[in-house]
Structures are given as C-alpha cells and as structure tokens.
Amino acid sequence: ERERLARLRHTPAVTLDGQKIELIANIEMPEDTVAAITAGAVGVGLFRSEFLFMGRQGHLPDEDEQYEAYRRAVDGMNGLPVTIRTVDVGADKPLDEARHDAAHLNPALGLRAIRWSLADPSMFLTQLRAILRAAAHGKVHLLIPMLAHGSEIRQTLALIDQARQELDRRGVAHGPVRLGAMIEIPAAALSVRMFLKYFDFLSIGTNDLIQYTLAIDRADESVAHLYDPLHPAVLRLVADTIAECRAQGKGVSVCGEMAGDVTMTRLLLGLGLRSFSMHPSQILSVKHQVLRSDTAKLALWAEQVLASDDPASLMPR
Ligand code: PEP
Ligand code: MG
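Remember, predicted model here, so these are calculated numbers, not experimental data. (Residues numbered from 1 in each chain as written. Chains lettered and ligands numbered in written order. Predicted model: local features only at pLDDT ≥ 70, side-chain atom pairs only at ≥ 80, totals over all residues.)

**Digging into the pairing of strand β4 (residues 140-144)**
Buried residues dominate β4, accounting for 5 of its 5 residues. Neither face of β4 is left uncovered, since the one carrying Val 140, Leu 142 and Ile 144 and the one carrying His 141 and Leu 143 both have all their residues buried. Pairing geometry for strand β3 (residues 82-85) and β4, over 4 bridges, is parallel. Looking at the pairing, Thr 83 lines up with His 141 of β4. As paired elements, β4 and strand β5 (residues 177-183) share 5 bridges and run parallel to each other. The residue bridging Leu 143 from the neighbouring strand is Gly 180, located in β5. For the handedness criterion, the β-α-β arrangement of β4, helix α6 (residues 150-170) and β5 is classed as right-handed. (Buried ≥ 20, exposed ≤ 12 C-beta atoms within 10 Å, placed from the backbone. Helix = DSSP H or I, 4+ residues; strand = E, 2+ residues; numbered from the N terminus. Pairing = 2+ DSSP bridges. Right-handed = clockwise from strand over helix to strand, strands pointing away.)

**What to know about the UniProt feature "binding site: phosphoenolpyruvate" (unreviewed entry) in the protein chain**
Sequence positions flagged by UniProt for "binding site: phosphoenolpyruvate" (unreviewed entry) are, in local numbering, Arg 48, Arg 85, Asn 207, Asp 208 and Arg 218. By the element assignment, Arg 85 lies in strand β3. Residues within four places of Arg 85 in sequence aside, it is in contact with Leu 46, Phe 47, Arg 48, Ser 49, Leu 143 and Pro 145. Relative to the helices and strands, Asp 208 resides in helix α9 (residues 206-214). By C-beta crowding, Asp 208 is classed as buried, having 25 other C-beta atoms within 10 Å. (UniProt positions renumbered as here; feature names shortened; annotations may be inferred. Contact = placed C-beta atoms within 7 Å.)

**Let's talk about the site of ligand 1**
By nearness alone, every residue bordering ligand 1 is listed as Leu 46, Arg 48, Asp 88, Glu 184, Gly 205, Thr 206, Asn 207, Asp 208, Cys 255 and Gly 256. Looking at the shell around ligand 1, the elements that each hand over two or more residues are β2 (44-48) and α9. The greatest single-element share of the shell around ligand 1, amounting to 3 residues, is contributed by α9. Counted by class, the shell around ligand 1 contains 2 nonpolar, 4 polar and 4 charged residues. (Near = placed C-beta within 6 Å. Nonpolar A, V, L, I, M, F, W, Y, C, P; charged D, E, K, R; others polar.)

**A closer look at the nonpolar core**
Judged by nonpolar contacts, the single largest core of 88 residues is most densely connected at Val 44 and Ile 131. When residues in this core are grouped by element, the largest group, 7 residues, is from helix α10 (residues 232-247). With residues up to four places along the chain from it excluded, the contact list for Ile 131 reads Tyr 70, Ile 84, Val 140 and Leu 142. (Core = buried A, V, L, I, M, F, W, Y, C linked by C-beta atoms within 7 Å.)

**What about helix α3 (residues 63-76)?**
Here α3 spans 20 Å end to end across 14 residues, near enough to the 20 Å set by a 1.5 Å rise per residue. By the burial criterion, the buried members of α3 are Gln 66, Tyr 67, Ala 69, Tyr 70, Arg 71, Ala 73 and Val 74. Packing partners of the buried residues in α3 comprise β1 (22-27), α2 (33-38), β2, β3, α5 (121-134) and β4. Taken from the residues just after α3, Asn 78 is the one with a positive phi, measuring 50°. (Expected span 1.5 Å × (residues − 1).)

**Observations regarding the UniProt feature "binding site: Mg(2+)" (unreviewed entry) in the protein chain**
According to UniProt, the positions carrying the feature "binding site: Mg(2+)" (unreviewed entry) are Glu 184 and Asp 208. The greatest C-alpha distance among the residues just named is 5.2 Å, despite their covering 25 residues of sequence, which places them together in space. Relative to the helices and strands, Glu 184 resides in the loop between β5 and α7 (186-189). Its 28 C-beta neighbours within 10 Å are what place Glu 184 among the buried residues. Sequence-distant contacts of Glu 184, defined by excluding residues within four places in its chain, comprise Pro 145, Met 146, Gly 205, Asp 208 and Leu 209.

**Regarding unusual backbone geometry**
Of note in the backbone geometry, Met 146 takes a positive phi value of approximately 65° without being a glycine. Checked against the element boundaries, Met 146 lands in the loop between β4 and α6. Met 146 gets classed as buried once you count the C-beta atoms within 10 Å, which come to 25. Notably, Ala 215 is not glycine yet its phi reads approximately 55°, a positive angle. Along the polypeptide, Ala 215 turns up in the loop between α9 and α10. With 9 C-beta atoms counted inside 10 Å, the residue Ala 215 sits in the exposed group.

Take a look at the structure:
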C-alpha cells in the first residue's frame, strides 16, 4: 500500500472531472519542508511558527533568528508558496511553564494567538519584519490565527504596514505577501464577508472551529466523544465559508485535521473545497481519494449531507 501511494508522488492531484486540487503541507519546523517535498506537496499551507517560540525559557527568537528560519522554509520549498502563520501560543501551546500564567482560567478563551500578538506589538512587529524579509526570497503568504473582530483585523493590518515602513527606513530588503486569515472562531465563520474585505484568502482551522462551535475542549479526553467534525453546525460553517470565498473568487483552504482525514476528502470536495493543507504523511492518501472523485457528483451528495440532521449516517463506511 505504501509503495502504491508513493507512486502517486508526481501524479497531479486532479479529479475524474478535471478539477485541479491543491494538496499542501502543514509544518512545524523549517526542516519539515523535506517531508513536504517528498510527499509531493505543492506548497506549505500552514507553517505553525509558534514551534520556534516554544520551550525557550523566556527569551524569544529575535528578528534575525526568525528570518533565518522562515527563509530556510522558503528555500526548502524551491519556489513553491509557503504560508507562515504568526504565533499561536496560549491555550494548548504554552510558551513555557514560567509564562503559562495560571491566572488565565480558561486559556482557550483567553490571550492566545493574535490576541497575544496584539498585546505585545513590539514582539509582533519583530515577527512581521522577519516574515516580510523572508518574502524577498520566494512566495510567502502571511496567515493570521484566531481573528474574530474587525478591530483586530485593522490593528493587524496597521502593524504589517508599520513593519514594512520600519524595514524601508532601515533599508532592509523585503517582499510582497498574500494576506490570509484563519477562520477558527464561529464569529469569524459568520463574518466571512467582512474578512474578505481585508484578506486575499482564508484558511479554515477546523480543529479550533469544532472546539469553539461545540464548546468541546479539543485537549480534554473526557469530552473527546463529543468532538464531532460532522456536527451539522460545523459543516454549515465550513460550507458557507467555502461558498462565500468561491463566490468572491478568493482562495480558501482547510488546514485543520479534517483536511488530512481521508474519510472527509470527498465531502470537502463536494462542498467546493479545492485546497487541502495537512501533515505531509497524509498527502498521498488524500491524493488517492482525489483521483477517484467526481466533484460534480459529490456536490449533489454534499447538499444532502448538509441538509441532514445526522450527516454521519450518509457518510461512506
Ligand atoms: C486549527 O485550529 O484547525 C489549526 C490548523 O490550528 P492549530 O491546530 O495549530 O490550532
Ligand atoms: Mg487553531
């Protein structure tokens, strides 16, 4: 089976009805680009940059260190696009014990991801400058996690402008980026039209979107049985986000675990998804599904799944 899949590495991911599907990789460290390329990924859809920040006992990577790391990822992809997500610490990814403030009683609802970045603009500007500098060396997409509010979007965009100006003032080379937002909070999924006024593309973080839609802590074993990607409300939010992006001709991807789950591939294709970002180890299995799929037929079936009170009952076993 492994060998059979390996032969698909250079096969383009095209459905039976000729739809080109983008299969891209989630990575945590620059060296993971090797696995991404080996699996035939056509880009990085999610570089979880927080892994550069974790376990550092207080001192965070400075601009140059971050720039080197982002640049290594860009170089590692040989000209293919690399989507760098700004830090998503807090909640299940504490920086280190010392900084994991016990005062945050409910870390998943607390100061995590973009909220954490906006609370420390100088740290955030450092990361933005490093990413913009790496963008001088290849195609870089800048992805912002956990946005919900228009005010957060505007603050973030202002800081990106400021980071550019600071580099210009220093005479340091930087490059253009495509700007994306993660859709991880139900409020964001319900405000996609607002998001699309500001962003070039959206990436649906289903891990958190499921957690927040169902009020199920994704890290809590005692409620894991209720963590249901097929809950009708979750599917509705995912479907509407994809549909609105497509209607506006904007890029949309899924980068949560759902994208690498082969039992979900056909449903996501049916919902109109054409870009899947996942752990490199899943890419060939998902491609295998893509090659056997007819999106026109799947779209009709997906409509039924969406309308069902029990979507799981309509899924193939
Ligand atoms: C997600 O929430 O689906 C996601 C991709 O981000 P993370 O798993 O890093 O929170
Ligand atoms: Mg997330």
